[in-house]
Amino acid sequence: MSPRHETAEPPAALTPPDISAATPADAVTAKGVMATSNLSLYYGSKQALFDVTLEMPAHCITALIGPSGCGKSTFLRSLNRMNELIPGVRTVGQVTLDGQPLYDRRVDVVLLRRRVGMVFQRPNPFPTSIWDNIAYGPRLAGIRSRSQLDQIVEESLERAALWNEVKDRLHESALGLSGGQQQRLCIARALAVYPEVLLLDEPAAALDPIATGHIEDLLLQLKTQLTIVIVTHNLQQAGRIADRTAFFLLGQLIEVAPTAQLFETPQDPRTEQYLTGRFG
């Protein structure tokens with residue numbers, strides 16, 4: 001990655017604006033800090049999250065681990081209000097980004113999801129060209145200049161460690177890429193609108209070990225630029241890339257600590273039982 005792309009600033013149209021008129025005037029926080037306070041979530045009458053309080057520091061990778069159905073993905077989707085797309089969902093408590101409450105009714109959810117991007121378990125490129133996939137978000141943000149879009153496409157693909165592999169194929173279908181390349185393309189598409197936070201829901205679950213290694217290397221590079229929160233069932237993956245790891249069980253946050261500390265000296269016996277394979 002060239003220095004030009006490491007230090008490039010987002011175009012004015014993509015500079016994240018305040019998303020809430022309720023921002024405290026005296027809030028002073030590092031850019032990209034996400035936090036929840038007593039966050040609970042209900043699917044109708046069924047409670048899926050129970051009073052989760054968790055800080056996800058800026059420029060760190062926070063891994064969410066736990067058995068299937070424990071609330072990890074529900075929690076992740078709460079961070080950019082994706083759960084609201086599901087009928088009957090009700091959220092209680094607070095989620096903040098840089099001190100701004102994200103569930104205030106004055107929040108622009110479109111701008112929120114620009115600031116807090118998301119990549120899903122299975123690659124989901126649009127059935128269009130590689131170039132069009134990356135330019136989609138910037139175009140929605142109002143950028144029309146072809147030269148500016150070309151620059152954003154190149155920069156985003158470089159940040160996703162994909163440029164050298166696709167620079168001669170930009171106008172070919174994204175569906176022609178391998179699975180690992182498609183997932184990096186989806187990461188590049190999220191990066192094209194210059195988010196402060198990147199959420200990933202098991203991004204390597206459908207990939208082979210080599211492609212998984214590429215994704216992990218990429219995330220380690222990207223954490224210098226933004227905050228990353230990742231759901232993973234792969235404990236080895238959490239151990240390789242996460243700065244902090246949070247263990248969820250039955251919708252509750254059981255324990256969170258620096259990853260090495262959590263893995264080597266867990267404080268809660270349920271964490272120790274999960275890590276040693278006694279359940280999950």
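These numbers were taken from a predicted model, which means no experiment stands behind them.

A. Region of the structure containing the pairing of strand β9 (residues 244-249). Counting buried positions over the 6 residues of β9 gives 5, a clear majority of the element. In this structure, strand β3 (residues 61-65) lies alongside β9, joined through 4 bridges in parallel fashion. Along β9, the bridge assignment pairs I65 with F247. For β9 and strand β10 (residues 252-258), the ladder comprises 6 bridges, and the chain directions are antiparallel. Looking across to β10, one finds that L249 is bridged to Q252. What sits between the antiparallel neighbours β9 and β10 is a turn of 2 residues, in which L250 has the positive phi angle 50°.

B. Structural context of the sheet that holds strand β6 (residues 116-119). Taken together, 6 strands build an open sheet; the order of strands is β6-β7-β8-β3-β9-β10 and the sheet is mixed. Both edges of this open sheet fall to β6 and β10, since each of them pairs with a single strand only. Sheet twist, expressed as the mean angle between neighbouring strand axes with direction ignored, is 20°. Helix α7 (residues 179-191) contacts β6 and β7 (197-201) of the sheet and is inclined by roughly 170° relative to β6. Lying on the sheet, helix α8 (residues 209-222) is in contact with β3, β7 and β8 (227-231); it crosses β8 at an angle near 150°.

What counts, and where the lines are drawn
Residues numbered from 1 in each chain as written. Predicted model: local features only at pLDDT ≥ 70, side-chain atom pairs only at ≥ 80, totals over all residues. Heavy atoms only, no water. Buried < 20%, exposed > 50% of the residue type's maximum accessible area, 1.4 Å probe, protein only. Helix = DSSP H or I, 4+ residues; strand = E, 2+ residues; numbered from the N terminus. Pairing = 2+ DSSP bridges. Axes fitted to C-alpha atoms, helices over the stretch in contact; angles between N-to-C directions. Contact = heavy atoms within 4.5 Å.

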